[in-house]
Amino acid sequence: MKKKHKILFVCLGNICRSPAAEGVMKALVEEKGVADEWEIDSAGIGGWHVGQQPDRRMLVHARQRGLNLNHRCRQVRATDFEDFDLIIGMDAQNCQDLRMLAPTVEAMDKVQPMSRWLDPAMGYDYVPDPYYEGSEGFELVLDLLQDGCQRLFHGLAHSPGQHQ
């Protein structure tokens, strides 16, 4: 039996980028018919928005692309470093913060930047925070995440499967 791919997307407050990444990735694995092989969640470095829905603007822009972000915001927990195989930070500061929270060296190794899966031709080496931007900022984030999550999916789905 194949081991599940367990991915946690992380941004600063868990209201824009990381819940969007979670929604994009969940839609992708459902479309591919492999949702049962994936565990996907998102969280924030800070706890300011715990229990809230994602930012209303992100919900609107995601819905326009057929994405349903039914996430409740939460903060990164110490157990996330045990529960997930890959913890993806949206920018360099998120990754630095995650590495500082990691309880072990092995846990630190699970932290990867989303930029690892972004197309260099798009001109971004991080996923910018759209919170203080207009509509174009939210659209850009969704464009980057849709492309990056495709690359992430193909990279993991075609890697040698592990068995339980």
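Scroll up to find the structure.
So, here is what we can say about the structure in this document. Note that the structure is a prediction, hence the values are computed from the model and not measured.

## Observations concerning the pattern of salt bridges
Piece 1. For the coordinates displayed, the defined rule picks out 11 salt bridges.
Piece 2. Note that Arg-151 is salt-bridged to Asp-119, the shortest N-O span being 3.4 Å. In this pair, Arg-151 is assigned in helix 6 (residues 135-157) and Asp-119 in the loop between strand 4 (111-113) and helix 6, connecting sequence segments 32 residues apart.
Piece 3. A relative accessible area of 36% means that Arg-151 is categorised as partly exposed.
Piece 4. Salt bridges sharing partners connect three or more residues here, namely Arg-17, Asp-91 and Asp-129.

## Observations concerning the packing of helix 2 (residues 56-64) against helix 6
Piece 1. Relative orientation of the contacting elements helix 2 and helix 6 amounts to 55°, with a least axis distance of 10 Å. Relative to helix 6, helix 2 is oriented oblique. Seen along the crossing, helix 2 lies across helix 6 with a hand that is right-handed. Counting all contacts with helix 2, which are made through Arg-57, Met-58, His-61, Ala-62 and Gln-64, the residues of helix 6 involved are Ser-135, Phe-138, Glu-139, Val-141 and Leu-142.

## Here's the deal with the side chain of Asn-94
Piece 1. Structurally, Asn-94 can be placed in helix 4 (residues 92-101).
Piece 2. What makes Asn-94 buried here is its relative accessible area of 2%.

Calculation criteria
- Counting restarts for each chain: residues are numbered from 1 in the order of the written sequence.
- Where totals are concerned, whole chains, interfaces and linings use all residues; where local detail is concerned, this predicted model gives features only for residues with pLDDT of at least 70, and gives and counts side-chain atom pairs only at 80 or more.
- As a convention, hydrogens and water are excluded, and side-chain values are obtained from all of the structure's heavy atoms.
- By definition here, a salt bridge exists when the distance from a side-chain nitrogen of Lys or Arg to a carboxyl oxygen of Asp or Glu is within 4 Å.
- A helix here means a DSSP run of H or I that spans at least four residues, while a strand means a run of E at least two residues long, and both kinds are numbered starting from the N terminus.
- Using a 1.4 Å probe on the protein chains alone, a residue whose accessible area is under 20% of its type maximum counts as buried, one over 50% counts as exposed, and one in between counts as partly exposed.
- Every axis in this analysis is a line fitted to C-alpha atoms, fitted for helices over the stretch in contact. Angles between the N-to-C directions lie between 0 and 180 degrees.
- Here is the rule for angles: anything less than 35 degrees is roughly parallel, anything more than 145 is roughly antiparallel, 65 through 115 is roughly perpendicular, and the remaining ranges are oblique.
- With the far helix as reference, a near helix turned anticlockwise by less than a right angle produces a left-handed crossing, and one turned clockwise produces a right-handed crossing.
- Note on contacts: a residue pair qualifies if any of its non-hydrogen atoms lie within 4.5 Å across the two residues.

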